[in-house]
Amino acid sequence: MAASPTPPPTTLALLMEPSPEPSRPRRRWVGRVLLVVVLVALGAGAVVLFESVDDSPPADRFERFTVADLDVEVGALPPVGAAVPQTREWADRLAAVTDIPARTLVAYLNAEAAIRGSQPDCKLSWVTLAGVGRVESHHGRYGGTRVGEDGQLSKPIIGVPLDGSPGVQAIQDTDGGRLDGDPRWDRAVGSMQFLPATWARWSQRANGDGRQADPQNVDDSALTAARYLCAMGGDLSTGPGWWKAVLTYNESKKYGRDVYSGADAYARKAAEIG
């Protein structure tokens, strides 16, 4: 496992303090249980490593926010989130008009700030992390999971066993089941869906408290994803760098376009609220 430097003090710790939760009208959700195609890459995780999608999403999922599927060419310039006010109040305002929980958005913003301090040449934008998080676990809310104010998921998000079943690559256990609970086959773990071996290589504890990084913590997962993407792509403000990073995370052009579409939608909405 590579040495993990302590996060710089510029990390937006002030965003951890919640502002009063606004009242939200209930919205009706109409859904069905959908089978998900399982696609695996050796980089970080998968397009979504789950057998089915729960038809009862969290109550705070907003139907008014939609992400248009953009048919962009591989290599296109990436979406970039404009500089944002570094406050929890701003995060709450954006969360109120998107499908990102405020606490997960805090994790993305903090990860961008940490990487900006430690790897300024990477030029990672939080919207890229949001694009990845949307595809991988709907920002840590897959299957009704909640994100606590400490960044911990209310229940672990663990993918299907990578056992060589149809559509699934066979990857035998690499960590004795420590992260995924499976001593025979590896499974992708956490809100950003890392394979255990990749997590072992790139993970970093976001708050620098000396404990091991936890893939079921959105702060640790976001920072680890940021480190991985920067290592794979270099300068993520360029088309070649961004696409190389994202397609190393998952070797699927559709996946790359899905991440791009989400990142673009979040960048536009952030610009709207200022």
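Residues numbered from 1 in each chain as written. Predicted model: local features only at pLDDT ≥ 70, side-chain atom pairs only at ≥ 80, totals over all residues. Heavy atoms only, no water.

Student: Break down the overall build of the protein for me, citing the residues and quoting the values.
Tutor: Within the protein one finds 7 helices and 2 strands. Mapped in sequence order, the helices and strands of the protein form the string β-β-α-α-α-α-α-α-α. Here the protein, with 274 residues, has 52% of them falling under the buried criterion. Sequence-distant contacts in the protein: of pairs separated by 6 or more residues, those separated by 24 or more amount to 67%. Of the accessible surface of the protein, which amounts to about 12500 Å², a share of 53% is contributed by carbon and sulfur atoms. (Helix = DSSP H or I, 4+ residues; strand = E, 2+ residues; numbered from the N terminus. Buried < 20%, exposed > 50% of the residue type's maximum accessible area, 1.4 Å probe, protein only. Contact = heavy atoms within 4.5 Å. Areas by Shrake-Rupley, 256 points an atom, 1.4 Å probe, with all protein chains shown as cover.)

Student: Describe the state of the cysteines, with residues and values.
Tutor: Per the stated rule, a full pass over the model turns up 1 disulfide. The side chain of Cys 122 participates in a disulfide bridge whose partner is Cys 230; the two sulfur atoms lie 1.9 Å from each other. The sign of the -80° torsion about the S-S bond sets the Cys 122-Cys 230 disulfide as left-handed. Taken as a pair, Cys 122 in the loop between α2 (102-118) and α3 (126-137) and Cys 230 in helix α5 (residues 218-233) lie far apart in primary sequence, 108 residues in all. Residue class for Cys 122 comes out buried when judged on its relative accessible area of 4%. (Disulfide = S-S within 2.5 Å.)

Student: Describe in detail the side chain of Gln 193, supporting the description with residues and values.
Tutor: As for its position among the elements, Gln 193 is in the loop between α3 and α4 (196-202). Polar contacts involving the side chain of Gln 193 include one to the main-chain carbonyl oxygen of Gly 190, which spans 3.0 Å. (Polar contact = N/O pair within 3.5 Å; in protein donor to acceptor, adjacent residues only side chain to side chain.)

Student: Outline the nonpolar core, listing residues and values.
Tutor: Ranked by size, the top nonpolar core spans 57 residues in total, and within it Trp 126, Leu 129 and Tyr 249 carry the most contacts. The next biggest cluster of nonpolar side chains, apart from the first, holds 5 residues, and it includes Val 168, Ile 171, Ala 188 and Leu 195. (Core = buried A, V, L, I, M, F, W, Y, C linked by side-chain atoms within 4.5 Å.)

Student: Quick rundown of the packing of α5 against helix α6 (residues 239-249)? Include the residues and the values.
Tutor: Their axes nearest at 8 Å, the elements α5 and α6 cross at an angle of 120°. As judged from the angle between their axes, α5 and α6 are oblique. Crossing handedness for the pair α5 and α6: right-handed. Contacts between α5 and α6 involve Ala 225, Tyr 228, Leu 229, Met 232 and Gly 233 on the former and, on the latter, Gly 241, Lys 244, Ala 245, Val 246, Thr 248 and Tyr 249. Partitioned by chemical class, the residues of the contact of α5 with α6 number 7 nonpolar, 3 polar and 1 charged. (Axes fitted to C-alpha atoms, helices over the stretch in contact; angles between N-to-C directions. Parallel < 35°, antiparallel > 145°, perpendicular 65-115°, else oblique. Left-handed = near helix turned anticlockwise from the far one by under 90°. Nonpolar A, V, L, I, M, F, W, Y, C, P; charged D, E, K, R; others polar.)

Student: Before we move on, could you go through the confidence of the model for the protein and cite the residues and values that matter?
Tutor: Summing up the model confidence of the protein, the mean pLDDT is 83 and the portion of residues at 70 or higher is 77%. The model gives residues 16-41 a pLDDT under 50, and that stretch makes 59 contacts with residues more than four places away or in other chains. Here residues 46-62 is modelled with pLDDT under 50, and outside its nearest four sequence neighbours on either side it reaches 69 contacts, counting other chains as well. (pLDDT = per-residue confidence, 0-100.)

Student: Summarise the pattern of salt bridges; cite the residues concerned and give the values.
Tutor: Under the criterion given, the structure shown has 13 salt bridges. With its nearest N and O atoms 2.9 Å apart, the salt bridge here joins Arg 88 to Asp 92. Of this pair, Arg 88 and Asp 92 are both found in helix α1 (residues 88-95), 4 residues apart, which corresponds to roughly one turn of the helix. You can call Asp 92 buried: its relative accessible area is 11%. Among the ionic pairs, Arg 103 bridges to Asp 219, the shortest N-O distance being 2.6 Å. Of the two residues, Arg 103 is situated in helix α2 and Asp 219 in helix α5; the sequence distance between them amounts to 116 residues. (Salt bridge = Lys/Arg side-chain N within 4 Å of Asp/Glu carboxyl O.)

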